[in-house]
Amino acid sequence: MAGGSENITTGEYIRHHLQNLTFGQHADGSWGLAHSAEEATAMGFWAFNVDTLFWAIVLGVAFFMLFRNVARKANSGVPTRFQSAIEMIVEFVDTSVRESFHGTSKFIAPLALTLFVWVFFMNFMDLIPVDWLPWVAQQAGIHYQKVVPTTDVNATMGMAITVFILILYFSIKIKGVGGFIGELTGQPFASNSMAGKIAFFLPNLLLETIALLAKPVSLGLRLFGNLYAGELIFILIALIFTAGSGLIAAGLSSIFGEHIPAWFWVLATASVFATLWLNLKGVLDNKKTLWLLLVEMLLIGGLAFLGGQLMHFAWAAFHLIIVTLQAFIFMMLTIVYLSMAHEHH
Amino acid sequence: MNINATLILQSIAMMIFVWFCMKFLWPPLLKAMDERRERIAEGLAASDRAEKELEKAKVEVDAQIREARDKAGEIVDQANQRHSQILDQAKDDASAERSRQVTAAEADIVQASNQAREELRKSVASLAVLGASQILEKEVDANTHRELLDKLITEI
C-alpha cells in the first residue's frame, strides 16, 4: 500500500516515508531528483527538498488567500461567520503580541499571525492519513513525498534562522552595535572596574553567544522534533493497520487470507454510510445507530480494522493538540525573542 | 534528512509571506475590527442615552398627565358650579315668573269680579226700574229717580 511493491519490509516502509523528494546535482554532474536516500545525501548542501517547499508554499498561499478573502471584504458592519472566525484568530494573535511584546512595532503582529497560521497549516498536514498523498504522488510517478513541511528540519530551521536574523537586526537597530556587543560581553558577570571588565570579557561572550544561538536552534528543533515524532507514530500506527502482520491484524486475514476482495470494502463502506444516512433521516435514533455502527465495525474489520482506526483516531485527537500548541509556541517564542531584542538590559 | 538549501528557500518564503501579511492582511482586518469596536461602543452609548431620554420623557409625560387631570377636575368643578348657578337662577326666575303671573291673574280676577259686580249692579238697577215701573204702571223717569236708584245700586 505504501511503497508500491507488495513485499517491502517495515524498515523500508518507514525509511521511505521519512525521505524527502530531493532535487540536486547528481554525482555525474547532471541535475535531477534523487532516486534514493543515498543519492539525496550525496547531493550535499545545494539540493532542495521539493516536497517540503511545495507544500510550504501551497499552505502559505492558502493562508494568504483565506485571510485576503476576508480582508478584502472586511468592513465594520455585521460580520459573516467566516469573517468572525478569521477575526477571532487575528484578535487572539493581536492580544498575544500586546501581552508579550512591550513596545510598538507594525511588524511583529503580522509576523506572529503569519507564523501561527502558516505553521499550524503545515503541522495540520500531519493529520491527513500518512499514505494518502504519497499514494497519489506514487500514481503520478513521484517516488518520494513527505507532505508535512514541519517534519523537515530544513523548513523549521529556515524559519528559525529568519527569526534569528530579525533578532540580530532589531537588537542592533534598537541598541546600536556598541549596545549589542555590550550586552553580549557585559553580563552575566558584571564588574565596574576596568580589570574586571577585561577579565569577564571572554566568559561573558562565550555564555551570551551560546544563549543567543540557543534561541533559533531551540525554536527550530522544538517544532521539528514534536512533529517528526508525531509523524513517526502515525507511520507506526499505519504499519500495524496495513502491514497485515502482528496479532491484532489477524482478524481479517483469517477470513479472507492474504487478499481482501474489493467487494468487501464496497459492502462495508455502503453499510456504514447507510446506517449514518438512516440516522440523519430520523429512522434510527442515536443509541441504535451507535450500536449498529459498532457491530458493523466489528463485522467489517475484525479487531484489525477497529484497532487500527481507534489508535489512529486517538493519536490524531492527541496530535491535534500538539499541532496547535506547537504553532502557538513557535509564535509566542518568536514574539518573546523579538521583545527581548527590543529591550535594554 | 539532510541539511540543504531548502533552508534558504524556506527562509525566503517566510519573509515573503510575512511581507504579504503585513501589507495586505493585517491593516484591513485590524481597521475593520477597530471600526466595528467603535461602532458597537457608539451604539451602546446611544442606547444608554436613549434609555435616559425615555426615562426623562416618561417623567414629563406623567407630569403632563397629572396636570391635565387636575385641569379636567377643575373644569368639571367649574361646570358643576355653573350648573347649580344656572339651576338656581332658573329656579329664581321661574318662581319670580310664577308670582308675577299669579299676581297678574289675581289682578285680573279682581278686575273681572269688579266688572261683573258693576254690571250686576247696573242690571239690578235697570231691573229695579223695570220692576218698579211695572209695579207702578207708570214710567219711572230714570233721571228723576237717579238719586234713589244710585242709592239702591250701592246697597246691593
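First, a word on what this report is: a plain description of the structure on this page.

1. A short note on the interface of chain A and chain B
Moving on, step 1. Every contact between the two is made by 56 residues of chain A and, on the other side, 31 residues of chain B.
Moving on, step 2. Contact between chain A and chain B buries roughly 3,900 Å² in total, counting both sides, with carbon and sulfur atoms accounting for 74%.
Moving on, step 3. A salt bridge links Glu87 of chain A to Arg36 of chain B; its shortest N-O distance comes to 2.7 Å.
Moving on, step 4. Broken down by secondary-structure element, the contributors of at least two residues to the side of chain A that touches chain B are helix 2 (37-42), strand 3 (48-49), helix 3 (50-73), helix 4 (81-100), helix 5 (108-124), helix 7 (153-185) and helix 8 (194-242) of chain A.
Moving on, step 5. Take the side of chain A that touches chain B: its biggest share by element is twelve residues, from helix 3 of chain A.
Moving on, step 6. For the side of chain A that touches chain B, the per-class residue count stands at 35 nonpolar, 14 polar and seven charged.

2. A few points about the pattern of salt bridges
Moving on, step 1. A complete count under the given rule lists eight salt bridges over all chains for this structure.
Moving on, step 2. Across the pair Asp94 of chain A and Arg98 of chain A runs a salt bridge whose closest N-O atoms are separated by 3.0 Å. A residue pair is termed a helical-turn pair when its members lie 3 or 4 positions apart in one helix, as Asp94 of chain A and Arg98 of chain A do in helix 4 at four residues.
Moving on, step 3. Looking at Asp94 of chain A, the relative accessible area reads 11%, which means it is buried.
Moving on, step 4. Of the residues examined, Arg98 of chain A reaches a relative accessible area of 57% and is grouped as exposed.
Moving on, step 5. Each of Glu91 of chain A together with Asp34 and Arg37 of chain B takes part in salt bridges that share partners, so that together they form one network.

3. Focus: the sheet that holds strand 2 (residues 31-33) of chain A
Residues and elements named next belong to chain A.
Moving on, step 1. Strand order across the open sheet formed by three strands is 2-1-3, with antiparallel pairing between neighbours. A single partner strand is all that each edge strand has here, and the edge strands are strand 2 and strand 3.
Moving on, step 2. Examined bridge by bridge, strand 1 (residues 22-25) and strand 2 share three bridges and lie antiparallel to one another. Of the residues in strand 2, the one forming a bridge with Gln25 is Trp31.

Cut-offs and rules
- Residues numbered from 1 in each chain as written.
- Chains lettered and ligands numbered in written order.
- Predicted model: local features only at pLDDT ≥ 70, side-chain atom pairs only at ≥ 80, totals over all residues.
- Heavy atoms only, no water.
- Contact = heavy atoms within 4.5 Å.
- Buried area = accessible area lost by both parts, 1.4 Å probe.
- Salt bridge = Lys/Arg side-chain N within 4 Å of Asp/Glu carboxyl O.
- Helix = DSSP H or I, 4+ residues; strand = E, 2+ residues; numbered from the N terminus.
- Nonpolar A, V, L, I, M, F, W, Y, C, P; charged D, E, K, R; others polar.
- Buried < 20%, exposed > 50% of the residue type's maximum accessible area, 1.4 Å probe, protein only.
- Pairing = 2+ DSSP bridges.

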